[in-house]
Amino acid sequence: MKKRLLFCLLLLCIVLSACGAETAKPTEDVTSAEITQTELVTEPATPWQAPERGAEVRLLYDETLSFSEEVQCVYQVPLLCSTGGDTDAVNREIEACYTPLMERVLNGNAPDIAGISYTVCRFRIYTLSLLIRTAHTDGTDSFSVYTLSLEDGRRLNNEEVLQVVNISMENFLSETRIRAGEYYDSLYADREQDADYLTQRALACGEGAVNADMLMYPDEEGHLMLISPFAAPGSTKARLLIYPLQKEFESSLP
């Protein structure tokens, strides 16, 4: 009798275990299917669309402020009008950088800022470059440079910019050090007898000024434009200046 009772209890446990396993199985399948379906729902990427020539930017700020009858300063901060690619990322970066600055200007808390301007360079079907220049009351300028591929809207780094103009990084660095020295000479030829002329010239050609991360962009003709610091002999303050890699294209300065 006891053996029969034990057998019945064992049989009942087996049946209940089987039912429990079958009940759990559909729940696991549904959860897996829901996860798979959730993973497949993604926002479609905005297709790249290059802007029309002459309509590459819109102005985030366009202000002319009068500080006296003789002094008027213009502040124009552009945003890209293209869509897709890295357009949104570039525009967010511009807004994050220049909105606080313009708020200072409009509130009268930026007496050191004498104006903001921009230049657009479109090198054929290859690149679109946006240069933003901030003028300071001490006679110096600061710059922001953004270069996008016109093919897919990607923001190009310096190595990619050099590929567009067919220059290797090694050749770029060696040529630019020579070119920076030539440009320094053209700026301060009348100061060659000053005591620290050679010191300041060496700094203009050194790694602190000429390196893989320096500001650069192709102009409308594909000439590589460079931006680096130059300090006059006897001066402790360097100015950022724009100059072309090739000496013969100095007339293309913006």
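See above for the structure.
The paragraphs below set out a description of the structure included in this document. Everything quoted here is computed from the prediction, not taken from an experiment. (Residues numbered from 1 in each chain as written. Predicted model: local features only at pLDDT ≥ 70, side-chain atom pairs only at ≥ 80, totals over all residues. Heavy atoms only, no water.)

### Topic: the side chain of Thr147
Working step 1: Here Thr147 lies in strand S5 (residues 141-149).
Working step 2: Looking at Thr147, its side chain comes within polar contact range of the side chain of Ser129, at 2.8 Å.
Working step 3: If we skip the residues at most four places from it in the chain, Thr147 touches Thr127, Leu128, Ser129, Arg154, Arg155, Leu156, Val161, Met216, Tyr217 and Pro218. (Helix = DSSP H or I, 4+ residues; strand = E, 2+ residues; numbered from the N terminus. Polar contact = N/O pair within 3.5 Å; in protein donor to acceptor, adjacent residues only side chain to side chain. Contact = heavy atoms within 4.5 Å.)

### Thoughts on the pattern of salt bridges
Working step 1: Per the counting criterion, the structure on display carries 12 salt bridges.
Working step 2: We note a salt bridge from Arg122 to Glu56, for which the minimum N-O separation is 3.0 Å. Of the two residues, Arg122 is situated in strand S3 (residues 113-123) and Glu56 in the loop between helix H1 (2-40) and strand S1 (57-66); the sequence distance between them amounts to 66 residues.
Working step 3: Residue Glu56 is classed as buried on the basis of its relative accessible area of 7%.
Working step 4: Between Arg201 and Asp185 there is a salt bridge, with the nearest N and O atoms lying 2.9 Å from each other. With a gap of 16 residues between them, Arg201 in helix H5 (residues 197-205) and Asp185 in helix H4 (residues 169-187) connect regions that are remote in the sequence.
Working step 5: We classify Asp185 as partly exposed; its relative accessible area is 24%.
Working step 6: Here the salt bridges do not stand alone but share partners, grouping Asp152, Arg154 and Glu160 into one network. (Salt bridge = Lys/Arg side-chain N within 4 Å of Asp/Glu carboxyl O. Buried < 20%, exposed > 50% of the residue type's maximum accessible area, 1.4 Å probe, protein only.)

### A look at the nonpolar core
Working step 1: In terms of nonpolar packing, the biggest core is built from 25 residues, with Phe172, Met216, Leu224 and Leu226 touching the most fellow members.
Working step 2: Elements represented by at least two residues in this core include exactly helix H3 (158-164), H4, H5, strand S7 (224-230) and strand S8 (239-244).
Working step 3: In terms of residues, this core owes the most to one element, H4, which gives 5 residues.
Working step 4: Contact partners of Leu224, with chain neighbours within four places excluded, come to Val161, Leu162, Val165, Ile167, Phe172, Met216, Tyr217, Pro218, Tyr243, Pro244 and Leu245.
Working step 5: Tyr61, Leu80, Leu130 and Leu148 belong to the second-largest nonpolar core, a separate cluster that totals 22 residues. (Core = buried A, V, L, I, M, F, W, Y, C linked by side-chain atoms within 4.5 Å.)

### Here's the deal with the packing of H4 against H5
Working step 1: Contact geometry of H4 with H5 gives a least axis separation of 8 Å together with a crossing angle of 140°. The angle between the axes of H4 and H5 places the two elements in the oblique class. When you trace H4 past H5, the crossing you get is right-handed. Touching Arg177, Ala180, Gly181, Glu182, Tyr184 and Asp185 of H4 are Tyr197, Gln200, Arg201, Ala204 and Cys205, all from H5.
Working step 2: Looking at the contact of H4 with H5 residue by residue, the classes come out as 5 nonpolar, 2 polar and 4 charged. (Axes fitted to C-alpha atoms, helices over the stretch in contact; angles between N-to-C directions. Parallel < 35°, antiparallel > 145°, perpendicular 65-115°, else oblique. Left-handed = near helix turned anticlockwise from the far one by under 90°. Nonpolar A, V, L, I, M, F, W, Y, C, P; charged D, E, K, R; others polar.)

### Quick look at the environment of Ala232
Working step 1: With respect to the secondary-structure elements, Ala232 resides in the loop between S7 and S8.
Working step 2: Remark: the alpha-carbon pair of Ala232 and Tyr197, spanning 35 residues in sequence, is separated by 7.8 Å.
Working step 3: With near-sequence residues (within four places) excluded, Ala232 lies in contact with Tyr184, Tyr188, Arg191 and Gln200.

### Notes on the sheet that holds S8
Working step 1: The 3 strands lie next to each other as S6-S7-S8, forming an open sheet whose pairing is antiparallel. At either end of the open sheet lies a strand with only one pairing partner, and these are strand S6 (215-218) and S8. Pairwise comparison of adjacent strand axes, ignoring direction, gives a mean angle of 25° for this sheet.
Working step 2: The pairing of S6 with S7 spans 4 bridges and is classified as antiparallel. (Pairing = 2+ DSSP bridges.)

### Quick notes on unusual backbone geometry
Working step 1: A positive phi angle, close to 50°, is found at Arg124, a residue other than glycine.
Working step 2: Its location among the elements puts Arg124 in the loop between S3 and strand S4 (127-136).
Working step 3: Overall, the relative accessible area of 52% leaves Arg124 in the exposed class.
Working step 4: Backbone geometry places Asn166, a non-glycine residue, at a positive phi of 60°.
Working step 5: As for its placement among the helices and strands, Asn166 is situated in the loop between H3 and H4.

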